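Architecture at a glance
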Amino acid sequence: MKIKVRVSHEEDTKYASLICQKIEEAAKSRGTGIKKKDPEYIKSKMIHGNAVIAFCDEKLAGFSYLDIFQNKEFVVNSGLIVFPEFRKQGLAKIIKIEIFKLSRKKFPNSKIFSITTSNPVIKINTELGFKPVAFSELTQSEEFWKGCQSCANFDILTRNHRTMCLCTGLLYDPNTDKNKSNKKKYRNNYLSPGDKIVLAYSGGLDTSYCLKYLIREKYEVHTVIINTGGFNKNELEKIEKRAISIGSQSHKTIDSIEEYYQNCIKYLIFGNILKNNTYPLSVSSERIFQAIKIAQYATFIQAKAIAHGSTGAGNDQIRFDIAFQIICPEKITLSPIRDMKVSREEEIEYLKDQGISICWDQAKYSINKGIWGTSIGGKETLTSSHDFPEEAYPTKLSRKKRENLELEFEKGELVGVNQEKGKAIKNIIKIEKIASEFAIGRGIHIGDTILGIKGRVAFEASAAIIIIKAHHLLEKHILTKWQLYWKEQLSNWYGMLLHEAQYLDPVMRDIEKFLKSTQERLTGTVDIILYPYRFHLVGIKSKFDLMASSNMAQYGEMNYAWSAEDVRGFTKILSNQMKMYHNLNKKEK
């Protein structure tokens, strides 16, 4: 029998539901009634590389994951499961050793613990250096102990004020490991020549400078680019050739367009989110997903560090750093341009000295293109008064005759354009192609950066602006007054938190659930007319239209559901508190 146990990754998420089912079945057979696992929770562990998965003869055979508590003071090894048909093969021990090794690697200074009633598991843990301890020496996190509530022995735990139960508490404390030297403890805090580094590489000036600089420092550099819709096949091939020609040991292109849509763009549409009522978060929404994918890739190829080309004055450095610290905290983060305060001119000169000259100095504007829009920075955006020139926008006005456009939504998602059904991503690209020829969706955004300074950027995002405005119009016809009101409040927070690198905070998942719930009836079509530089929302058609379906009254015309006397009584009661307030004012005077 061929056994393979490895760290999990995103492709393993297809097994999450089956693993949860097996864990639940095992708990019932043991009579522990352990808390039922959520497949989405298990998926997150897999994606972030916080789990190990086992296969026997290429068949799924077992699983375990880790979790952290009290600001990484404690790591728990949980969810150990071996499928019944693969038991008595020593697989549990292999899985236990691998999850222990993963915990030590990712959190070398954390205490590792588990609680169990299984004698074989106790034996394995003891061999690994765990010691039986009182529950008071384990994490005091309420979130951890909540998991015991569904256990048949929970009353024993509570009666003893959480000091003991039928489970045995086991703890591994790295600070008491006699074999651990100070040198080993410090080893992961610095880089040595030959260490493997993953560089987030876009092919532009900044990341090309970083690539050459890190190679010159004698590191083994591997480049990766995450495509969230900003590059075509030809452009991606050119970027790969440039990376290899400069000296990258390998180059990886990861397509993340669909994932970016499903996990972010969809909710930006549901929330009608425009930063400061202007900017559709074109670039800021992309960066966090690119950072997550880069971190996962660095874990996959076992790099010791991750590098990015951000400067010290922008938002992207925060987005990259936060994602790396959360997903792979054991890895060192490098940002040569930020760390050494290198200017654009110095970058160009350095690359020329190294024999790399690709007309960097001819690019007057910094352009970041993605499926949700393009941002453009230049000398004009560094001022508060200069307008952005027509020639600086990547797409030019090429159509002047008006054109009709029809968008179809189902449960808030864009499912059709001009009566032709298609997936959301293809629909966005189709709208962008049509509307950009009218030079629609241009603007200059001024906003607050994460660093506290004001920032100004030009953008063009014809598809994003049109889709959001059309979606909002449909909502105004279908949702109730209070749905619209509270949606706007939470949507503003969602956009702000996303912009400020807080995407991985669990509150974002909570807001997404709310936004999704408001879209249940959001089905219908929106008619639009496109003109040069602008568009006009004509109207909507929907079976859920509260205006069209009402037989109570027509606004400003006739009412059928109430009488004049009803209105007099309504206004009398509605004004009661205001009358009391103003009557008191009269007495005071």
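Keep in mind the model is a prediction, meaning the values are calculated, not measured.

A short note on the overall build of the protein chain
Broken down by element type, the protein chain carries 20 helices and 21 strands. Here the C-alpha coordinates of the protein chain stretch approximately 80 × 75 × 60 Å along the principal axes. Relative to its full complement of 589 residues, the protein chain shows a buried share of 47%. If you take every contact in the protein chain between residues at least 6 apart in sequence, the share linking residues at least 24 apart comes to 71%. Carbon and sulfur atoms make up 52% of the accessible area of the protein chain, which amounts to about 31,400 Å² in all. One finds the centroid of the 88 positive side-chain charges in the protein chain at a distance of 3 Å from the centroid of its 68 negative side-chain charges.

Points about the confidence of the model for the protein chain
Caution is warranted with low-pLDDT regions, since their predicted coordinates should not be read in detail. The predicted model of the protein chain averages 89 in pLDDT, with 94% of residues at 70 or higher. This model gives residues 178-188 a pLDDT under 50, and the stretch forms nine contacts once residues within four places in sequence are excluded.

Brief notes about unusual backbone geometry
Phi is positive for Q70, close to 55 degrees, though the residue is something other than glycine. With respect to the helices and strands, Q70 occurs in the loop between β3 (59-69) and β4 (74-82). In this structure Q70 comes out as partly exposed when scored by relative accessible area, which is 34%. The phi dihedral of Q419 is positive, around 65 degrees, even though this residue is not glycine. With respect to the element layout, Q419 can be found in the loop between β16 (413-417) and β17 (420-421). Exposure remark for Q419: the relative accessible area of 68% places this residue in the exposed category.

Focus on the nonpolar core
Within the largest apolar cluster, 75 residues are counted, with the highest numbers of intra-cluster contacts made by W372, L407 and I467. Examining the composition of this core, we find that ten residues originate from one element, helix α16 (residues 462-478), more than from any other. I467 has contacts with I269, W372, L407, F409, L414, I428 and I431, leaving out every residue within four places of it along the chain. Of all hydrophobic cores here, the second largest spans 37 residues; its members include M46, Y65, F100 and F107.

Describing a nonpolar patch on the surface
Residues W482, Y485 and W486 make up a contiguous nonpolar surface patch of about 380 Å² in total accessible area. In this fold, W482 is placed in helix α17 (residues 481-499).

Comments concerning the sheet that holds strand β7 (residues 168-172)
Backbone-to-backbone hydrogen bonds pair the strands of a sheet. The strands run either parallel or antiparallel. The seven strands are arranged β1-β2-β3-β4-β5-β7-β6 in an open sheet whose pairing can be described as mixed. Edge strands, defined here as strands with exactly one partner in the open sheet, are β1 (3-7) and β6 (131-133). With strand direction ignored, the average angle separating the axes of adjacent strands in the sheet is 25 degrees. With respect to the sheet, helix α4 (residues 119-128) is in contact with β4, β5 (111-116) and β7, its orientation differing from that of β7 by roughly 20 degrees.

Observations concerning the packing of helix α8 (residues 205-216) against helix α9 (residues 233-246)
With their axes 10 Å apart at the nearest point, α8 and α9 run at an angle of 25 degrees to one another. It follows from the interaxial angle that α8 and α9 lie roughly parallel. For the crossing formed where α8 meets α9, the hand is right-handed. Each of S208, L211, K212 and I215 in α8 lies in contact with α9, whose residues at this interface are R242, A243 and I246. Grouping the constituent residues of the contact of α8 with α9 by class yields four nonpolar, one polar and two charged.

Description of the pattern of salt bridges
Tallying each qualifying case throughout the model produces 26 salt bridges. Ionic pairing is found between E10 and K293, a salt bridge with its closest N-O pair at 2.2 Å. Here E10, found in the loop between β1 and α1 (16-30), pairs with K293, found in helix α11 (residues 284-300); they are 283 residues apart in sequence, far enough to count as distant. Across the pair K101 and E98 runs a salt bridge, and its minimum N-O distance is 3.3 Å. Linking K101 with E98, this pair stays in helix α3 (residues 91-106), spanning three residues, or about one helical turn.

Some words on the side chain of K275
The topology assignment puts K275 in the loop between α10 (257-270) and α11. What K275 contacts, discounting residues up to four positions off in sequence, is L281, H445, M496 and H499.

As for the environment of N234
Here N234 shows up in helix α9. For the pair N234 and A51, spaced 183 residues apart in sequence, the C-alpha separation works out to 37 Å.

Some points on the environment of F514
Mapped onto the secondary structure, F514 falls in helix α18 (residues 506-517). In sequence terms F514 and K22 are 492 residues apart; their C-alpha atoms lie 31 Å from each other. Not counting the four nearest positions on each side in its chain, F514 is found in contact with W486, K487 and L490.

Examining the sheet that holds strand β8 (residues 196-200)
Ordered in space as β10-β9-β8-β11-β12, the five strands form an open sheet in which the pairing is parallel. Either end of the sheet is taken by a strand with one partner, and the two such strands are β10 (250-255) and β12 (332-334). Here the average twist between neighbouring strands, direction ignored, is 25 degrees. The pairing of strand β11 (residues 305-307) with β12 spans three bridges and is classified as parallel. Bridged to A307 within β12 is L334.

Focus on the packing of aromatic side chains
Overall, the coordinates contain 23 aromatic pairs when judged by the stated rule. Taking the centre distance of 5.3 Å and the plane angle of 55 degrees together, the rings of Y279 and F459 count as tilted. Pair noted here: Y279 is in the loop between α10 and α11 and F459 is in strand β19 (residues 454-460), with a separation of 180 residues, a long-range link. Residue Y279 shares its accessibility class with F459, and that shared class is buried.

Structural notes on the pairing of β8
Counting buried residues along β8, four of its five residues qualify, which places the element largely inside the surrounding structure. Relative to strand β9 (residues 220-227), β8 is paired through five bridges, and the arrangement is parallel. By the bridge assignment, V198 is partnered in β9 with H222. Where β8 lies against β11, three bridges are found, and the strand directions are parallel. The residue of β11 that forms the bridge with I197 is A305.

Basis of the calculations
Residues numbered from 1 in each chain as written. Predicted model: local features only at pLDDT ≥ 70, side-chain atom pairs only at ≥ 80, totals over all residues. Heavy atoms only, no water. Helix = DSSP H or I, 4+ residues; strand = E, 2+ residues; numbered from the N terminus. Buried < 20%, exposed > 50% of the residue type's maximum accessible area, 1.4 Å probe, protein only. Contact = heavy atoms within 4.5 Å. Areas by Shrake-Rupley, 256 points an atom, 1.4 Å probe, with all protein chains shown as cover. Lys, Arg positive; Asp, Glu negative; His and termini not counted. Charge placed at Lys NZ, Arg CZ, Asp CG, Glu CD. pLDDT = per-residue confidence, 0-100. Core = buried A, V, L, I, M, F, W, Y, C linked by side-chain atoms within 4.5 Å. Patch = residues over 30% accessible without salt bridge, like charges linked within 9 Å, V, L, I, M, F, W, Y side chains within 5 Å. Salt bridge = Lys/Arg side-chain N within 4 Å of Asp/Glu carboxyl O. Pairing = 2+ DSSP bridges. Axes fitted to C-alpha atoms, helices over the stretch in contact; angles between N-to-C directions. Parallel < 35°, antiparallel > 145°, perpendicular 65-115°, else oblique. Left-handed = near helix turned anticlockwise from the far one by under 90°. Nonpolar A, V, L, I, M, F, W, Y, C, P; charged D, E, K, R; others polar. Phe/Tyr/Trp six-rings, centres within 6.5 Å; stacked < 30°, edge-to-face > 60°.

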